[in-house]
Amino acid sequence: MRTQAGFHVTRPGFFTLLQDAGRRGVMHMGLTTSGAMDRHAWAWANYLLDNAFGTPALEITFGGAEFISGLNTQIVVTGAEVQLSVNDEPKPLWTTIRISPGDTVVVSTTRSGVRCYLAVRGGLGVDTGLGNSCATVFRENTGGLHNNGQPLKEGDFLPCKPAISPVANRKIPSQWIPDYNERLTLSVIPCAQVERFPEATLSTFFNSTYILSRQADRMGARLTGPTLNVSDRQLISEGTSLGAIQVPADGQPIILLNDRQTIGGYPKLGVVTPRSLDALAQRPPGTQLRFKKISLHDAQQDERQFLTFFETTGQA
């Protein structure tokens, strides 16, 4: 059984999901986009293996996973700081690792950060569904290994593409490895219904410290801090966007994330940029954070640089 081209899940971890670049063209059906929460770490894992941008990988929340290999391949683990070992031998993160049939790959619980990403050379051979994506959304029962939205469980088998030529050993330059313990300041594009917020409220928002609540998950990051006043708290429901900062009746902001609802009627004072969302995805509850303004042009330039680098270099 263990000579099959893939990985056997012997310990699934707390919450391990198949994630790719996300599901597109489905929000009109009430389905969310999902996808990797930390695109920086996820994209680097695939890049180091010459996988095409969008290739599925494992998003392992809080670590604690174990797999047995059934093929010769290479893997990369990026993101949250964990102890990675192969057959009890410690291995570096953000670096290509050669794997042989019968090898046991162990990812410890996280030491810093929340989510690590495990990518395999050539990608995981899983079926895609709506939106040409295998992105796992638990609450919608979509995507994942069995296309039912469930996280990995013990006994699952992850098929891989066999007989793919290896890439040269690679590791990411240290300056591109984030420090998930550094102070967190999120870049925000003021937009949407920002005119509904008095100047005093906006000043409070951009000059105060907020705390990431224990209610934060893949749908949204609930924050606690100074109450934000708004002239009109109820709007006609409209489509939501990734990173939108909505302010409900209690005045405590919520940052909408990958598995967000598709429509909402609370006023939104702006949107957190994708690059800042990567950093947010690696912070545990209790993290203190602040906000700063960024222009739409500068945010677009950051995203263009990211996509240009990763979308034009990976080869399947």
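Use the structure listed above.
In this convention, every chain numbers its residues from 1, walking through the sequence in written order. Only residues with pLDDT of at least 70 get local features here, since the model is predicted, and only at 80 or more are side-chain atom pairs given and counted; chain-wide, interface and lining totals rely on the full set of residues. Excluded from the side-chain calculations are hydrogens and water; all other atoms, namely the structure's heavy atoms, are used.

(A) Main features of the overall build of the chain. Helix and strand counts for the chain stand at four helices and 20 strands. Both definitions apply: the radius of gyration is a C-alpha atom measure, and the globule rule equals 2.2 Å times residues to the power 0.38. Since a compact globule built from 316 residues should have a radius of gyration of about 20 Å, the 20 Å found for the chain is in line with a globular shape. With the C-alpha coordinates of the chain rotated into their principal frame, the extents come out at 65 × 40 × 35 Å. Relative accessibility decides the category of a residue: with a 1.4 Å probe and only protein chains considered, values under 20% of the type maximum give buried, values over 50% give exposed, and everything between is partly exposed. Residues classed as buried in the chain amount to 54% of the 316 residues present. Put simply, 76% of the contacts in the chain that link residues at least 6 apart link residues at least 24 apart. Only the protein chains shown count as covering a residue, and every accessible area follows the Shrake-Rupley method with a 1.4 Å probe. For the chain, the exposed surface amounts to about 14000 Å²; the carbon and sulfur share of it is 51%. Helix numbers and strand numbers start at the N terminus; a helix is a DSSP run of H or I with at least 4 residues, a strand a run of E with at least 2. Any two residues whose heavy atoms approach within 4.5 Å at even a single point are treated as in contact.

(B) Quick look at the sheet that holds strand β13 (residues 210-212). Taken in spatial order, the seven strands line up as β12-β19-β16-β17-β14-β13-β20 and close into a barrel, and their pairing is mixed. Taken over all neighbouring pairs, the strand axes of this sheet differ in orientation by 40° on average, direction set aside. Pairing between two strands requires that DSSP report at least two bridges joining them. Inspection of the sheet shows strand β16 (residues 244-246) paired to strand β19 (residues 268-272) by three bridges, in the antiparallel sense. By the bridge assignment, Q246 is partnered in β19 with K268. Note on definitions: angles span 0 to 180 degrees between N-to-C directions of axes, and those axes are lines fitted to C-alpha atoms, for helices only across the stretch in contact. Against the sheet, helix α2 (residues 199-206) engages β12 (184-190), β13, β16, β19 and β20 (288-293), with an angle of about 125° to β20.

(C) Broad picture of α2. T201, L202, F205 and F206 are the residues of α2 that are buried. Buried residues in α2, looked at end-on, bunch into an arc of 125°, giving them a common side. Looking at α2, the residues exposed on the side facing more than 90 degrees away from the buried face are E199 and A200. The elements touched by buried residues of α2 are β12, β13, β16, β19 and β20. Arc definition: it is the arc formed by the directions from the helix axis to the C-beta atoms.

(D) Unusual backbone geometry, seen in detail. Phi angles above zero are rare outside glycine, and D50 is one such case at about 60°. Structurally, D50 can be placed in the loop between α1 (39-48) and β3 (57-61).

(E) Representation of the pairing of β3 within the structure. Along β3, five of the five residues are buried, which leaves the element largely enclosed by surrounding structure. Alignment of strand β2 (residues 15-19) against β3, held across five bridges, turns out to be antiparallel. Directly across from L18, in β3, lies its bridge partner L58. Of the pairings in the sheet, the one linking β3 to strand β10 (residues 112-120) comprises four bridges and is antiparallel in character. Within the sheet, the bridge partner assigned to T61 lies in β10 and is R115.

(F) Geometry of the packing of α1 against helix α4 (residues 296-311). Where α1 meets α4, the axes come as close as 11 Å, and the angle between the chain directions of the two elements is 20°. Taken together, α1 and α4 sit at an angle that is classed as roughly parallel. As α1 packs across α4, the resulting crossing turns out to be left-handed. Contacts between α1 and α4 involve R39, H40, A43, W44 and Y47 on the former and, on the latter, E303, F306, L307, F309 and F310. The classification used treats Ala, Val, Leu, Ile, Met, Phe, Trp, Tyr, Cys and Pro as nonpolar, Asp, Glu, Lys and Arg as charged, and all other residues, Gly among them, as polar. When its residues are assigned to classes, the contact of α1 with α4 shows seven nonpolar, one polar and two charged. Angle categories are assigned with fixed cut-offs, so that under 35 degrees is roughly parallel, over 145 is roughly antiparallel, 65 to 115 is roughly perpendicular, and the rest are oblique. The handedness criterion is simple: a crossing whose near helix is rotated anticlockwise from the far helix by less than a right angle is left-handed, and one whose near helix is rotated clockwise is right-handed.

(G) α4, seen in detail. Here a helix's expected span is defined as the number of its residues, less one, multiplied by 1.5 Å. Across its 16 residues, α4 extends 22 Å between first and last C-alpha, which sits within 8% of the 22 Å expected from 1.5 Å per residue. Along α4, the residues that are buried comprise A299, E303, F306 and F310. Buried residues in α4, looked at end-on, bunch into an arc of 60°, giving them a common side. Seen from the open side of α4, the exposed residues pointing more than 90 degrees away from its buried face are H297 and Q305. Summarising the contacts, the buried residues of α4 are in contact with α1, β12 and α3 (274-280).

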